[in-house]
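Spelled out from the first residue to the last, the chains are:
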Amino acid sequence: MLFLLSLAARNLVRNLRRTVLTGTAVVAGVALMIFGWGLIDGLDDNILRAARLTYAGDLVLRPDGYPDDGLRFPLDQAAAVSPALTAKLDAAGPWTARTTFPARLVKGVDAQRVFVVAYDPATETRVFDRKSWRLEGSWPAADKPEIVAGSAFARLMELKLGDEVVLEARTRDGAINALNYTVVGVVRTDNTTMDNLSVWMEAPAAEQLAVLGGVRTQIAVLPTATPDVAKATLAGLGWTPLTLPEECDDLIAMNRIRRKSISVVVGMIMLIAATGIANTVIMAAFERIREIGTLLALGMPRRDVQLLFLLEGGVMGLVAGVFGAVLGSSLVLYWQANGMDFSSIVEKMAANMSMSVVVYTHFSWAPTLLSLLFGVVVAVLASVWPARYASRIVPADAVRAD
Amino acid sequence: MICELVDVTKEYPMGELKVVALAGVSVGVDAGEFTVFAGPSGSGKSTALNLIGCLDRPSSGKVLLDGKDVATLADEALGAVRARRIGFIFQSFNLIPVLTAAENVDLALRLAGDTENRAARVEKALVDVGLQDYLHRRPSQLSGGQQQRVAIARALVKKPAIIIADEPTANLDSTNGEAILELMREMNERDGVTFLFSTHDPMVMSRARRVVKLKDGHVVGDERRA
Amino acid sequence: MTQLFTLFFVFVSHAFAITVDEVLIHVDQNLTYETRESNLTMTVVKAGRTKSYTMHSYGRGQDEMAMEYLSPERDKGTKMLKKKDELWMWMPDIEKTQKISGHMLRQGLMGSDMSYEDLMESSSWRTKYTGVITSEPMLDGHKVWAIELKAKDSTVAYPKRLIWVDQTSFIPVKQELYALSGMLLKTWVMTDIKPIEGKQFPTKMIVEDKVQQGSRTEITFDKVTFKVALPEEVFTTRWLER
């Protein structure tokens, strides 16, 4: 067996150019598989991270019956945070409440629909450390008519620091109100949707604009216990708690579809690789008919000849698979450390994704080893037929072949 | 008698027709012979050699090797017989290109399942054919004559009952061909190794001590010389 | 836009000393007509860009209105139906009748300065506002009542309106609409008053957004006729899908 392995390896080196060309498809397939999985896992992380760092914490509560699609923020379904809920929240861990409501922002001749995110300056940073956000300018000063614009929204409206704008919004009761504001900051958060559609102001300023009467639309909690435990204690007080995975399940489900489409692409590359390997091994068999005949004449059992060719495919698959695994893992590890910045693409597409424009890929061993194994298995399977062909050669004729 | 064909017929199907390669041939080879099967192509000499070399089975008749009929052995068993008892020398040398001279010779012992003192025996076999300085060369680094010497060492190393040499000089120039033939003749005379050739090279035939002539699947002459 | 549906029966009245309520009743009574049919052109100007729409419209009484877009090509065939406080739209692209309700009513009609809600707010000044006559000045050579209307409660879209009602025709020739903060949001002007079938009818309305600079919407009425025979079907959702 060891001898056959060495013979197989030497035969592969013999036509190195062809071996490398064939192996490249396996390298690409395995690398893509690992990278694709790493990227999708990274996207999953990214979705959760975006929600955790920008609006949900580890547990998000909305008034019972409030829509959670993130596209509408009806003020008439907002609710006050009752003393009973406040007590429970205080016991659960750091928390903050926000009110998000629709408005129209007007700057000169331009107007655009926007969502106002009103935060409580006293508690906001207990839940959202804002460390990964990029703020140009400053956050609004207390009791001043100042706003911070989401980065993509600011770009759309060509908002600059110091710009005077009007925000027109409905009060909670339905009357139209409009007030002048100064743009004092532009922020890029971890959430593209918010950067596209939001302006930020302190809750007291929002109270003036929308006459909220203290109602809130979301509460974000960082529970000291597990989110599930906290969820149980906070339920039934007029607000519906959702853990982070529950909150993001629809986006995560979309990733499952993406994962399938990557598998299809990998499958196609592997099919190409398999065809290449089968072709290479069968070519090797055709070219070496006399050699195979000689081995048989010298008494090598047919199953050893078959094994020799299977090994040639398998060794190629293993070596190419290792290269592919190293390549794919390197990419995943690199972007796990440095993050892939999609901001320019996202800006071009004006895409609305509840996630950060910086995606950190996610390395794990299981998909890496699985991809490698997959490469080897494909290579061996592709060699089965050529190997069988080689082992059925008639030595009496083959030894005299040209 | 080391090997013997007894009333052997070999037919090959060729489409609807059957080509008769051997038609009732009986011929034997004794230990220590230096014999040539001669004849034009199509005479059946290669077929006869294949049968004696256990590379093929007859349509009818017996193939006796060491007194045992191998005509009815299964593929695997026939392979095992070849590995242990038959040495081959081919027209095109047929060395394994990725193996060195020594490894090529070693391969024969490995396949014969003959593991005792292998390295020394391999070296001795190569020294015997005059290649002591070329043990670790690959076939591509050797001349035709040198390659054929490796092939002879490979055939000899396992001490087979008979060495089948199929046109061993055909791909060599006359000087090299003669040297190779001289080497085999020497081994035959000194060590009593049995050689069976197929050839139409007159030089080979002149060196043979017995020439069996075949034509159209029949033995048409059997001439022994002193 | 309130008056879009309401202007087709216009009483010829005489000026006399009057209370706000009486003025509003008169304005209100202008809404009561049997049927009318007209073509209208809507021109929307936003950030220096102009878009025009032509429509064919039917009305009956105070509460029923049906409208079909004739141009541009993109919107041709779009239909709108209003019955009391309900609004439906039919879009040929999606071949579906859609009820416009809730927050959607707050959006501008075809990107204009009038929201669906503005269209819906028919003849409700008396119920929604309390008012005082602040003066009786001249406006474009006509004597008018200047009236300040204040919302009775916090659910009214425009907490304050200033309106100027022509003392001869009872047409509210000018309005100013204010936000809760007191910021002027819109002005609404009715001009080009022409006698049609013996009645004074403003054939042009100009709505300007005073927050968004240069944003204005003009509506011009054309081929206005009253007391036409309209098939019952016009004011049903069946008509939308026809």
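Summary of the structure given here. It should be emphasised that the depicted structure is a prediction, and the values quoted were computed from it without experimental measurement.

1. A few points about the overall build of chain C
Next up, step 1: Summing up its helical and strand segments, chain C has four helices and 14 strands in all.
Next up, step 2: Looking at the 242 residues of chain C, the share that counts as buried comes to 50%.
Next up, step 3: Carbon together with sulfur atoms contributes 51% to the accessible area of chain C, which is approximately 10800 Å² in total.

2. Regarding the nonpolar core
Next up, step 1: Core analysis: the largest hydrophobic core is formed by 59 residues, its most contacted members being Met42(C), Met80(C), Tyr116(C), Ile147(C) and Val165(C).
Next up, step 2: Element by element, the count of residues in this core is highest for strand β9 (residues 142-151) of chain C, at five residues.
Next up, step 3: Leaving out residues up to four positions away in the same chain, Ile147(C) has contacts with Val20(C), Val23(C), Val132(C), Ile133(C), Thr134(C), Arg161(C), Leu162(C), Ile163(C) and Val165(C).
Next up, step 4: In terms of nonpolar packing, the next biggest core, distinct from the first, is built from 54 residues, Leu4(A), Val30(A), Met300(A) and Val315(A) among them.

3. A few points about the arrangement of the chains
Next up, step 1: Most contacts, compared over the two pairs of chains touching, are made between chains A and C.
Next up, step 2: Chain B makes no contact with chain C; the smallest distance between any of their C-alpha atoms is 70 Å.

4. Things to note about the environment of Met91(C)
Residues and elements named next belong to chain C.
Next up, step 1: As for its position among the elements, methionine 91 is in strand β5 (residues 86-91).
Next up, step 2: Along the backbone, methionine 91 and leucine 240 are 149 residues apart, and their C-alpha atoms lie at a distance of 8.9 Å.
Next up, step 3: In contact with methionine 91, not counting residues within four places along its chain, are Thr78, Lys96 and Gln98.

5. So, empty space enclosed by the protein
Next up, step 1: On inspection of all chains with the given rule, the structure shows three cavities of 30 Å³ or more.
Next up, step 2: In this structure, the second largest cavity occupies an estimated 60 Å³ of space.
Next up, step 3: The wall of the second largest cavity is formed by Val399(A), Arg400(A), Leu49(B), Asn50(B), Leu55(B), Phe88(B), Ile89(B), Phe90(B), Ile164(B) and Asp166(B).
Next up, step 4: Those elements that provide at least two residues to the lining of the second largest cavity are α1 (45-52), β6 (86-89) and β7 (162-166) of chain B.
Next up, step 5: A breakdown of the residues in the lining of the second largest cavity according to their chemical character gives seven nonpolar, one polar and two charged.

6. Quick notes on the layout of surface pockets
Next up, step 1: The computed volume of the largest pocket comes to approximately 1200 Å³.
Next up, step 2: Looking at the largest pocket, it is lined by 37 residues, and the ones nearest its centre are Arg104(A), Arg113(A), Arg106(C), Gln107(C) and Gly108(C).
Next up, step 3: Elements represented by at least two residues in the lining of the largest pocket include exactly β2 (95-107), β3 (110-119) and β6 (164-170) of chain A together with β12 (184-196) of chain C.
Next up, step 4: With five residues, β3(A) is the largest single contributor of residues to the lining of the largest pocket.
Next up, step 5: Residues belonging to the lining of the largest pocket are distributed by class as follows: 16 nonpolar, nine polar and twelve charged.

7. Structural notes on the interface of chain B and chain A
Next up, step 1: With 24 residues of chain B at the contact, the number on the chain A side is 21 residues.
Next up, step 2: Taken together, the links from chain B to chain A amount to three salt bridges.
Next up, step 3: Two residues, Arg302(A) and Asp75(B), come together in a salt bridge whose shortest N-O distance is 2.4 Å.
Next up, step 4: For the pair chain B and chain A, the number of links is ten residue pairs in polar contact (both at pLDDT 80 or more).
Next up, step 5: Listed by contribution, the elements that provide at least two residues to the side of chain B that touches chain A are α1, α2 (75-85) and α3 (101-112) of chain B.
Next up, step 6: Sort the elements by how many residues they give to the side of chain B that touches chain A and α2(B) lands first, with five residues.
Next up, step 7: A per-class count over the side of chain B that touches chain A returns ten nonpolar, five polar and nine charged.

8. Observations regarding the pairing of strand β5 (residues 146-150) of chain A
All names here are of chain A.
Next up, step 1: Extensive coverage of β5 is indicated by the burial of five of its five residues.
Next up, step 2: The sheet contact formed by β5 and strand β7 (residues 176-188) spans five bridges and is parallel. Within the sheet, the bridge partner assigned to alanine 149 lies in β7 and is valine 186.
Next up, step 3: Here β5 pairs with strand β8 (residues 198-202) via two bridges, running antiparallel. Directly across from alanine 149, in β8, lies its bridge partner valine 199.

9. Quick notes on a nonpolar patch on the surface
Next up, step 1: Together, Leu370(A), Leu373(A), Val377(A) and Leu381(A) make up an exposed nonpolar region whose accessible area comes to about 380 Å².
Next up, step 2: In this fold, Leu373(A) is placed in helix α14 (residues 365-391).

10. With respect to the pattern of salt bridges
Residues and elements named next belong to chain C.
Next up, step 1: Scanning all chains against the criterion turns up 46 salt bridges over all chains.
Next up, step 2: Across the pair lysine 210 and glutamate 208 runs a salt bridge, and its minimum N-O distance is 3.0 Å.
Next up, step 3: Relative accessible area serves as the criterion here: at 40%, lysine 210 is assigned to the partly exposed category.
Next up, step 4: Residues joined by salt bridges that share partners form a network here, namely Lys204, Glu208, Lys210, Arg216 and Glu218.

11. Regarding the sheet that holds strand β10 (residues 218-224) of chain B
Residues and elements named next belong to chain B.
Next up, step 1: Reading across the sheet, the six strands line up as β6-β7-β8-β3-β9-β10 and stay open at both edges, with mixed pairing between neighbours. Each having just a single partner strand, β6 and β10 make up the two edges of the open sheet. In this sheet, neighbouring strand axes are inclined to one another by 20 degrees on average, regardless of whether the strands run parallel or antiparallel.
Next up, step 2: Pairing of strand β9 (residues 210-215) with β10 involves six bridges; the strand directions are antiparallel. Paired with leucine 214 across the bridge in β10 is valine 219.
Next up, step 3: Against the sheet, helix α5 (residues 144-156) touches β6 and β7, its axis set at about 175 degrees to β6.

12. A word on the interface of chain C and chain A
Next up, step 1: Across the boundary between the two partners, chain C contributes 19 residues, which contact 21 residues of chain A.
Next up, step 2: A buried area of about 1700 Å², summed over both sides, lies between chain C and chain A, and 55% of it is on carbon and sulfur atoms.
Next up, step 3: In this assembly, chain C and chain A are joined by one salt bridge.
Next up, step 4: For Asp209(C), the salt bridge goes to Arg104(A), with nearest N and O atoms at 2.7 Å.
Next up, step 5: Inspection of the chain C/chain A interface yields nine residue pairs in polar contact (both at pLDDT 80 or more).
Next up, step 6: Split by residue class, the side of chain C that touches chain A holds ten nonpolar, six polar and three charged.

13. Observations concerning the side chain of Ser391(A)
Residue and element names in this part refer to chain A.
Next up, step 1: Mapped onto the elements, serine 391 comes out in helix α14.
Next up, step 2: For serine 391, the side chain forms a polar contact with the main-chain oxygen of arginine 388, separated by 2.9 Å.
Next up, step 3: Setting aside residues up to four positions removed in sequence, serine 391 forms contacts with Arg302, Val305 and Gln306.

14. So, the side chain of Asp163(A)
All names here are of chain A.
Next up, step 1: Structurally, aspartate 163 can be placed in the loop between α5 (151-156) and β6.
Next up, step 2: Reaching out from aspartate 163, the side chain makes a polar contact with the backbone nitrogen of lysine 160 at a distance of 2.8 Å.
Next up, step 3: Leaving out residues up to four positions away in the same chain, aspartate 163 has contacts with Lys107, Glu158, Tyr181, Thr182 and Val183.

15. Some thoughts on the pairing of strand β1 (residues 59-63) of chain A
The side chains of a regular strand alternate between both faces of the sheet.
Residue and element names in this part refer to chain A.
Next up, step 1: In terms of residue burial, β1 counts as a mostly covered element, since five of its five residues are buried.
Next up, step 2: One ladder, built from three bridges, connects β1 with strand β9 (residues 218-221); its direction is antiparallel. From the neighbouring strand, valine 60 faces β9, where its bridge partner is alanine 220.
Next up, step 3: With five bridges joining them, β1 and strand β10 (residues 239-243) adopt antiparallel strand pairing. When the sheet's bridge partners are listed, valine 60 is paired in β10 with leucine 242.

16. A word on unusual backbone geometry
Glycine aside, the phi torsion of most residues is negative, and most peptide linkages are trans.
Next up, step 1: Here the amide bond leading from Ser71(C) into Pro72(C) is cis, since omega sits at 0 degrees, within 30 degrees of zero.
Next up, step 2: Among the structural elements, Pro72(C) can be located in the loop between β3 (64-71) and β4 (79-83).
Next up, step 3: Residues other than glycine seldom take positive phi values, yet Arg130(A) does so here, at roughly 60 degrees.
Next up, step 4: Within the secondary structure, Arg130(A) sits in the loop between α4 (124-127) and β4 (134-137).
Next up, step 5: Even without being a glycine, Glu158(A) presents a positive backbone phi close to 50 degrees.
Next up, step 6: Following the sequence through the fold, Glu158(A) ends up in the loop between α5 and β6.

Conventions used here
- Residues numbered from 1 in each chain as written.
- Chains lettered and ligands numbered in written order.
- Predicted model: local features only at pLDDT ≥ 70, side-chain atom pairs only at ≥ 80, totals over all residues.
- Heavy atoms only, no water.
- Helix = DSSP H or I, 4+ residues; strand = E, 2+ residues; numbered from the N terminus.
- Buried < 20%, exposed > 50% of the residue type's maximum accessible area, 1.4 Å probe, protein only.
- Areas by Shrake-Rupley, 256 points an atom, 1.4 Å probe, with all protein chains shown as cover.
- Core = buried A, V, L, I, M, F, W, Y, C linked by side-chain atoms within 4.5 Å.
- Contact = heavy atoms within 4.5 Å.
- 1 Å grid on protein atoms, 1.4 Å probe; cavity = no way out; pocket = protein on both sides within 12 Å on 5 of 7 lines; lining within 4 Å.
- Points joined across faces, edges and corners; volume = space filled by probe spheres on them.
- Nonpolar A, V, L, I, M, F, W, Y, C, P; charged D, E, K, R; others polar.
- Salt bridge = Lys/Arg side-chain N within 4 Å of Asp/Glu carboxyl O.
- Polar contact = N/O pair within 3.5 Å; in protein donor to acceptor, adjacent residues only side chain to side chain.
- Pairing = 2+ DSSP bridges.
- Patch = residues over 30% accessible without salt bridge, like charges linked within 9 Å, V, L, I, M, F, W, Y side chains within 5 Å.
- Axes fitted to C-alpha atoms, helices over the stretch in contact; angles between N-to-C directions.
- Buried area = accessible area lost by both parts, 1.4 Å probe.

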